[in-house]
Amino acid sequence: MSEKVKVTIDGITIDVEAGTTILTAARQIGGDIVPPAMCYYSKLQGSGGKCRTCLVKVSKGSEKDPRPMPKLVASCRTTVMDGMEVQNITSPEVIEARKGVVEMLLINHPLDCPVCDQAGECHLQDLSYEHGSEATRYEFERRTFDRIDIGDKVQLHMTRCILCYRCVYTADQITENRVHGVLGRGDAAEISTYIEKAIENEFSGNVIDVCPVGALTDKTFRFKNRVWFTKPVDAHRDCPTCSGKVTLWYKGEDVIRVTARKDEYGEVEEFICNTCRFDKKKTDDWVIEGPRKIANHSVISANHYEQLMPPPVLRTNPALREANKEQFERTTKL
Amino acid sequence: MGRKLLLEHINVPGINTFEVYRQKGGYRAVEKALKSLSPEDVVEEVKKSGLRGRGGAGFPTGMKWSFLAKPEGKPRYLVCNGDESEPGTFKDRYLMTHIPHLLIEGMIVSSYALGANTSYIYVRGEMMPQIRILEKAIAEAKNAGFLGKNILGSGFDLELYVQPGGGAYICGEETALIESLEGKRGNPRIKPPFPAISGLYNCPTVVNNVESIAATVPIINDGGEEYAKIGIGRSTGTKLISASGNLNRPGVYEIELGVPVEEFIYSEEYCGGIANGKRLKAVVAGGSSVPILPTNLILKTVNGESRLMTYESLADGGFASGTMLGSGGFIAYDEDQCIVRNTWNFSRFYHHESCGQCSPCREGTGWMEKVLHRLEYGHGKLSDIDLLVDVSKKIEGNTICPLGDAAAWPVASAIRHFRDEFEWHVTNPQEAMTRNYGLAHYADPLPKVEPVTAS
Ligand SMILES: Cc1cc2nc3c(=O)[nH]c(=O)nc-3n(C[C@H](O)[C@H](O)[C@H](O)COP(=O)(O)O)c2cc1C
Ligand code: SF4
Ligand code: SF4
Ligand code: FES
């Protein structure tokens, strides 16, 4: 029997295994009290601690040492102690800090949601809707980068990157060598591979799925459609390399994209191989299981497939709103 | 004259060589420790001395050492932090340049205390001459039998290596330093685990500043109690201060902790007053990361007591009216200096040096720099001032490492104490481009604190 510890988050008490993080404990409780996580990814060793969206207040350290922690802590990297009490949405301090983090994340993020493939399944979009402030107070030029290709299947649009390091940990985890990493410092830091080289690995396509924003995208899918006009279907095939369990994204009769299956926190259930992702785009390749259930906080599940629903970040910006409308009309005319 | 423990022989010609250093009593501490003290005794002496980390945080060194985990079969490491990149701080470089054997001697004593058989001195990449000096000193010490196998027949082995850094301020943060030493990108680690449990190559590690390690030499020679007699309260011993700015005699001074700030600035023994007959406007007392204070608050605390060069006295008043001793980078500003410009300059530094791992620091430092630039160049708005305060609050305390705080404090404190000057830049943009705001009321005596009576 492994040891259990008691932790209370926003007044809800739960027993969890010793060594569990606050974030994982909160996910076990579920619902509104789960802190948002933009960089932590349970399948990636070492991830987390960076984006600071998951900050919470520890109002009681433990039964043994009840002192509160002096600063807000990253719930994804802080382990629970027996008797710990945590405040997330019940702490104005946390709400304020999180609003600050979201504002920071949006500083250098282009609000180009109307033309971004990730729109509708972007965690930053969801986050800014739920936790952000109305309008940004940042009045300077945003940093921009040219798009680069990482091999022939993956495109990096660094301008959108929030430097969560998930793709870096993915690359570290699937290969022995350091092939994909961060160059430069501070807000000049960028994700890169050695001279735009493809990551030579059967699982390299997973960097697309782990990316919480639209910085790493599938070149075999780009610009074909907005996700909320596509229909996700779970399917599998007998694959010699991976589990073969995927989600197929349909537009009419055509499979226009293949991804791994994501849970309600945007994490894939299992990584899939590049053959399944990039090369199997016919219904015949797959055994269909049925429609994919989409997490209820996402724009897609809100039944926005067929209506004009500008993402929240756009609502206050007339130019983007116009662009979004145009895009909507163009797409629905097809 | 204050006592000199580190720089006593600094003016002896040839003190940078092993021979002269030894003639002047060098390496006595190694002999004493290895021949007559157990490692635990050495730790005990350092605890008794009350020595606090000289790298900025002021954490008691002996206590830090006693936290070091000692699991069976795992090596332990001592790493000396010679990355010294904090604007206004240049004492470690001075020490390494002129009296390198003091650091080597301290490294041997400290490694012995911690049971480390491989130790590193991580030196800022730009300091190539100092790296060569240290390498030469290590070769000399090894030649004389103070490094290598079975030192002085005690059975204690030690190899000492100098590692040049890549020239990034962030590599002075202890976990970033460890990453860099391992050959990785210098990103601070997310704590816990702390280095004392899992540091270099996942082994228990102590990281100490150059000056902290050097200070163990007089502590072992004279005993921890002797050392603790110098100073006031929990600020014991001597401290190297890097004095710069508009002073008559800038430079590195060894002071006994407890010297009044006023005496440090104006006495002939130390800085000799403000250069060119000007008046003092402000002081950054402990390196660019600590809050800036106007003349009236740096010379006296709000209670009208004389402010002393100690950890406690400089911090008196907390963030509202105090500052910190930090790394001892003492920068004086005369009446001709512009606080807005200085704040912009500091924030440019932190923006440039942020490693970019965590969102508030990566984005917030650049944002503050841009707003400050706008204010300094006459395009600012009054609302910018509150915006800066708010952004600094969003960074402070919400980041992985203290660089975020270090970027936030100078901005928040400059606005707290010099708000009129910021406002003047907005209301008189033309004038602000041609002249400075001047001394204004920043040196006026503080009003008496009114006793608060309960009504
Ligand atoms: C951004 C940053 C830069 C730092 N730079 C240095 C440095 O250059 N030298 C130093 O000794 N400590 C530096 N520190 C403090 C170290 O993290 C660490 O506290 C110190 O080396 C511990 O030594 P001490 O206990 O002897 O002071 C820095 C800390 C931060 C957050
Ligand atoms: S490219 Fe995507 S996954 Fe990689 S660091 Fe940027 S945001 Fe994260
Ligand atoms: S606070 Fe700044 S320097 Fe420190 S880890 Fe975060 S981004 Fe890097
Ligand atoms: S999810 Fe915890 S810091 Fe990013």
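Residues numbered from 1 in each chain as written. Chains lettered and ligands numbered in written order. Predicted model: local features only at pLDDT ≥ 70, side-chain atom pairs only at ≥ 80, totals over all residues. Heavy atoms only, no water.

Residue and element names in this part refer to chain B. The environment of ligand 1 is made up of 18 residues, and the closest members are G55, K64, N208, N209 and S212. Here an oxygen atom of ligand 1 and a side-chain polar atom of N208 are 2.8 Å apart. At 2.6 Å from an oxygen atom of ligand 1 is found a side-chain nitrogen or oxygen belonging to N209. Looking at the shell around ligand 1, the element that brings in the most residues is strand β4 (residues 205-209), giving 3 residues. For the shell around ligand 1, a count of residues per class yields 4 nonpolar, 8 polar and 6 charged. (Near = heavy atom within 4 Å. Polar contact = N/O pair within 3.5 Å; in protein donor to acceptor, adjacent residues only side chain to side chain. Helix = DSSP H or I, 4+ residues; strand = E, 2+ residues; numbered from the N terminus. Nonpolar A, V, L, I, M, F, W, Y, C, P; charged D, E, K, R; others polar.)

An α-helical turn contains 3.6 residues, so a residue and the one three or four places further along point in the same direction. Residues and elements named next belong to chain B. Where helix α2 (residues 28-36) is concerned, the buried positions are A29, V30, A33 and L34. Projected down its long axis, α2 shows its buried positions confined to an angular sector of 110°, all on one face. Away from the buried face of α2 by more than 90 degrees, exposed residues K35 and S36 are located. As for α2, its buried residues are in contact with α3 (39-49), α6 (100-114) and α9 (210-222). (Buried < 20%, exposed > 50% of the residue type's maximum accessible area, 1.4 Å probe, protein only. Arc of directions from axis to C-beta. Contact = heavy atoms within 4.5 Å.)

On to helix α18 (residues 403-427) of chain B, then. Along its length, α18(B) shows its largest kink, about 90°, at F418(B). Along α18(B), 20 of the 25 residues are buried, which leaves the element largely enclosed by surrounding structure. (Bend = angle between axes of the 7 residues up to and from the residue.)

So, on to the site of ligand 3. In the neighbourhood of ligand 3, 13 residues make up the surrounding shell, with C355(B), Q357(B), C358(B), C361(B) and C401(B) lying closest. Looking at the shell around ligand 3 residue by residue, the classes come out as 8 nonpolar, 5 polar and no charged.

Take the side chain of S288(B) next. Residues and elements named next belong to chain B. Relative to the helices and strands, S288 resides in the loop between β9 (280-284) and β10 (292-294). With relative accessibility at 1%, the residue S288 sits in the buried group. Separated by 2.7 Å, the side chains of S288 and Y350 make a polar contact. Once residues within four sequence positions are removed from consideration, S288 is found in contact with E86, P87, F346, Y350 and P410.

As a further point, take the nonpolar core. If you look at the biggest cluster of nonpolar residues, it comprises 62 residues, and the most contacted ones within it are Y27(B), L95(B), L103(B), I104(B) and I121(B). When residues in this core are grouped by element, the largest group, 9 residues, is from α6(B). If we ignore the near neighbours within four places in the chain, the residues touching I121(B) are C80(B), L103(B), I104(B), M107(B), L134(B), L160(B), Y161(B), V162(B) and Q163(B). One finds Y138(A), V79(B), L200(B) and I415(B) within the second-largest nonpolar core, a separate group that totals 59 residues. (Core = buried A, V, L, I, M, F, W, Y, C linked by side-chain atoms within 4.5 Å.)

Residues and elements named next belong to chain B. Two numbers describe how α3 lies on α6: the axes approach to 7 Å, and their chain directions differ by 115°. Regarding the angle of α3 to α6, the classification is roughly perpendicular. Judged by the twist between their axes, the crossing of α3 over α6 is left-handed. Contacts between α3 and α6 pair P39, V42 and V43 from the former with V109, Y112 and A113 from the latter. Its residues assigned to classes, the contact of α3 with α6 shows 6 nonpolar, no polar and no charged. (Axes fitted to C-alpha atoms, helices over the stretch in contact; angles between N-to-C directions. Parallel < 35°, antiparallel > 145°, perpendicular 65-115°, else oblique. Left-handed = near helix turned anticlockwise from the far one by under 90°.)

Now for the packing of aromatic side chains. Evaluated as defined, the whole model comprises 23 aromatic pairs over all chains. Relative to Y350(B), the ring of F349(B) has its centre 5.2 Å away and its plane inclined at 80°; by these criteria the two rings are edge-to-face. In terms of burial, F349(B) and Y350(B) fall into one category: buried. Its guanidinium or amino end placed over the ring of Y165(A), K50(A) lies 4.5 Å from that ring's centre, counting from NZ or CZ. The cationic tip of R257(A) hangs over the ring face of W249(A); the distance from NZ or CZ to the ring centre is 4.5 Å. (Phe/Tyr/Trp six-rings, centres within 6.5 Å; stacked < 30°, edge-to-face > 60°. Lys NZ or Arg CZ within 6 Å of the ring centre and 35° of its normal.)

All quantities given are derived from atomic positions and should not be read as evidence of function.
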